Amino acid sequence: MQTHEIRKRFTDHFVKAGHTQVPSASLVLNDPNQLFVIAGMVPFVPYFLGQQTPPYERATSIQKCVRTLDIEEVGITTRHNTFFQMAGNFSFGDYFKRDAIRFAWSLLTNPVEDGGFGMDPQRLWSTVYLDDDEARDLWLEVGQVPERIQRRGMKDNYWSMGIPGPAGPCSEIFYDRGPEYGVEGGPEADEDRYIEIWNLVFMQNERGQGGGKENFEILGELPKKNIDTGMGIERVAFLLQGVDNVYDTDLLRPVIDRAQDLTGQRYNAGDPEHDRLFRVIADHTRTAVMLIEDGVNPGNDGRGYVLRRLLRRVVRSARLLGATGETMGVFVDTVIATMSPSYPSLADDAQRIRTVATGEEAAFLKTLEQGITLFGNAVDSTKSAGKTVLSGDDAFTLHDTYGFPIDLTLEMASEAGLQVDEDGFRALMAEQRQRAKDDANSRKSALADLSVFREFLDRGPTEFTGFDELVSDARVLGLVKDGVRVPVVHQGDDVEIVLDRSPLYAEAGGQLADIGTITTAAGAQIVVTDVQRVAKTLWRHQGTVAVGEVSEGDAVTVAVDAGHRHGSTQGHSGTHLVHAALRQVLGPNAVQAGSLNRPGYLRFDFRWSGGLSEDQRTDIERVTNEAVQADYDVHTQVTDLETAKKSGAMALFGENYGDQVRVVEIGGPFSMELCGGTHVASSGLVGPVTLLGESSVGSGVRRVEAYVGLDSQKYLAKERALVSALTSSLKVPAEDVPGRVESLVSRLKDAEKELEKLRAQAALSALSELASSPDRVGAVRLVAAQAPSGVAAGELRSLVTQLKGRLGAEAAVIALFAVDGEKVPFVVAANDAAQDLGVKAGDVVKAAAPAVGGRGGGKADMAQGAGSDASGMGAALAAVRAEVARVAGA
Ligand code: SER
């Protein structure tokens, strides 16, 4: 039975039973909590919740649904589709369980001649929620047999959307494919042999927040008892069409067939991985077509990202199967042809859908081509080095820069007779994820998808004019909004702009980006807040349109914020000075490990084990400031890497500077580094440099931080204000402050010690009174008491020991409790004679601890514990006495 026939019979069956036919809603509902419609009931939520009055009491629909949570399962199991059609019947406070069960059973089992699906009742199983005897009885009523009814728990038989909203126990219908597909035992035993085809939800509760299928609160009853059912059209189709899975039905198989033509591989030829790829192509193309139809465009987040991921998985699957050129157009056309009988608007919109899908394919393919060249080079150099394993680094670059999924790299490497260091790759991926997480500025995240910029890369690099001028004329080559190329941007839009040339510095080499403006002749203006590089050569300006509108092709004036730039150059030149000073003071082993600078501030990381001494820090700061004072000229020249290295320039990262490198020289041999950053004209302009301190950042790497220029002065001014506050409160001249503070601290310590001694004496004398008239518990003399207030946990032990000494050789037990802040510490001691009678201090502690909400333990002679509930003190003391009495008592 063809899919369109299944759809038709479903609708007819329920219309005949008084249901209003409701067309499918768009896959994209305006609900921030859900990316896509995931079930037939979603458009009806306000009716279930009683927020709106439904215009009908019974409805039936065949709803388009997308679920991408199980995307990795696609093509592996028999039944996972990312797009599927859910046929449903709904009752809004009208009929309930009996009719829901009756309607479903009759449609499934009625003979084909009578409009049903003609399923053999012996193949159908039913499940009910644990204690839903009513549903079980109703199943028996329609002719189901008890052996094929199973009870299942919350996870399987209680349905909600996964978020707060309507919910309820459910009853599902499964179809038994027969013993050749798995073990006996019903759905409980095997959900691949027994395929779930229909879910009847008895929608009667409202669920609250919480996770998973079981961990949420049920808030209460809905205003009415409702019915929501969902029958999977694709699943019923595959069962009725006598095929083995959802991908082989009349709606998807044609795409697989076209993929066979285009890739030259055979489907169902014994290679499960190939079969999976064919199915991914069919499933994902269909989902993509349906999403584009409903207005989704490929993008970098949310719905757009889901679509992009689906389309790229199609391209990559086709490629893994051997396709070399473009295939998307054919796949899309095939989907449109198979789906448009049920969705006629697809045919009307075919041109647009095709353009969006093939555009994404073209962009991704271009990246793939570039990556393949890089891959070829990596293979050559691996082989010429006599190695058999492609490095994790290479695999990572392929992934990160060229969007190569790792399985593509694996496949290609194995064709080239190489393995891939997958562990290395995964470690780099993990590092990258961590970096991205740490990067509060997530807009700069390395995970961003930059494919929209690829076509600009082909036109050549952005010309950087900012070494020579702060204002340049330029042309707008492209505008990108929300990850998508757009022809024009308007006031208020956040945009990314590509220009042919720009004086704005793009973040690199530790120097943060310039800020500035882009202005058109008509007076429109974009305020640029960040500039990042794509593949090192293309500038991606990020900003907001402040006034007017800007179009692709506009002639513009680009201006750097001069004050900000001056601060940046101070920071960057300051970094070179600190680096040079560090090596002068610590020697050549202090190798740079990273740096960052922005206006007024710099930090410099270097390899060094152990901290720096006070003298070393002072020396580094002094040498740096002497270089400032010397006001060295700053020279830059472009030369080849060899010459630069020979002249002594430091090229510490061995990065891809290319053949031509830029050398920045401050004071001749004092500082000479390869660097693409912007710098002051002479070192005096850096202004004072103040080291803030030095710390460790991971094993073997230290970090110095400093302020430069006016920020340095501001920092020093703050410190001076602090000293003057101290001189006035201590009433001594500045140079005497340290001596005065030291003597104050030592006097304070002495006073505290004295106080402690006095308190202990006072406590002891108070307790001595107790010891002179101890209680008697049988043969044991017992002192059980609360220590005077002020006695701390640390003092209890010595007090107990001293008291024990005073009680002599006769059997004695001392138990002291104190209240120390939030805590209730206590110590128990039993002397030798008491122990001879069987008393154990440890047991006494254990007996008393619960009363003060605590725990404890120890030996027979001495034990201690701590609780947190002082109100139980009386009970604890009583417990001490009871325990002593129990063992040695009268
Ligand atoms: N809402 C239920 C489901 O999606 C039944 O339609 O399974």
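Going by the structure above, here's the rest.
What counts, and at which threshold
Residue positions within a chain follow its written sequence, with the count starting from 1. Side-chain atom pairs in this predicted model are given and counted only at pLDDT of 80 or more, local residue features only at pLDDT of at least 70, and totals for whole chains, interfaces and linings cover all residues. Side-chain calculation: all heavy atoms of the structure are included, whereas hydrogens and water are not. The near set for a molecule or strand comprises every residue that places at least one heavy atom within 4 Å of it. Polar contacts, as counted here, are pairs of nitrogen or oxygen atoms within 3.5 Å of one another; within protein the pair requires one atom able to donate a hydrogen and one able to accept it, and residues that are adjacent in sequence qualify only if both atoms are side-chain atoms. A 1.4 Å probe and the Shrake-Rupley method give the accessible areas. Residues count as covered only by the protein chains that appear here. Numbering of helices and strands runs from the N terminus; a helix is a DSSP stretch of H or I covering at least four residues, while a strand is a stretch of E covering at least two. Only protein chains enter the accessibility calculation, which uses a 1.4 Å probe; a residue whose area is less than 20% of its type maximum is buried, one above 50% is exposed, and one in between is partly exposed. Working rule for contacts: check all heavy atoms of both residues, and any pair within 4.5 Å makes them a contact. Two strands are said to pair when DSSP picks up at least two bridges between them.

S.K.: Which residues make up the site of the ligand, and what are the values?
M.R.: Around the ligand lies a shell formed by Ala39, Met41, Arg67, Met86, Trp159, Asn199, Val201, Asp228, Thr229 and Gly230. At 3.0 Å from an oxygen atom of the ligand is found a side-chain nitrogen or oxygen belonging to Asn199. At a separation of 2.8 Å, a nitrogen atom of the ligand approaches a polar side-chain atom of Asp228. Computed on the free molecule, the ligand has an accessible area of 230 Å², of which 95% lies beneath the protein chains in the complex. Broken down by secondary-structure element, the contributors of at least two residues to the shell around the ligand are β8 (194-211) and β9 (215-232). By residue number, the principal contributor to the shell around the ligand is β9, which donates three residues.

S.K.: Hey, could you go over the environment of His572 for me, with residue numbers and the actual values?
M.R.: Within the fold, His572 resides in helix α17 (residues 562-586). The exposure class assigned to His572 is buried, which follows from its relative accessible area of 3%. The sequence separation of His572 and Val708 amounts to 136 residues, and the corresponding C-alpha distance is 9.8 Å. Ignoring any residue separated from it by four or fewer positions in sequence, one finds His572 in contact with Gly509, Gln511, Asn597, Cys675, Gly677, Thr678 and His679. Within the structure, the side chain of His572 is placed 2.7 Å from the side chain of Gln511, a separation counted as a polar contact.

S.K.: Please set out the pairing of strand β33 (residues 824-830) residue by residue, giving values where relevant.
M.R.: When you tally the buried positions in β33, you get seven out of seven residues, the bulk of the element. Across the two faces of β33 the burial is the same, with Val824, Phe826, Val828 and Ala830 and Pro825, Val827 and Ala829 all buried. Pairing of strand β32 (residues 812-817) with β33 involves five bridges; the strand directions are antiparallel. When the sheet's bridge partners are listed, Ile814 is paired in β33 with Ala829. Bridge count for β33 against strand β35 (residues 862-867) is six bridges, and the pairing is antiparallel. From the neighbouring strand, Pro825 faces β35, where its bridge partner is Ala866.

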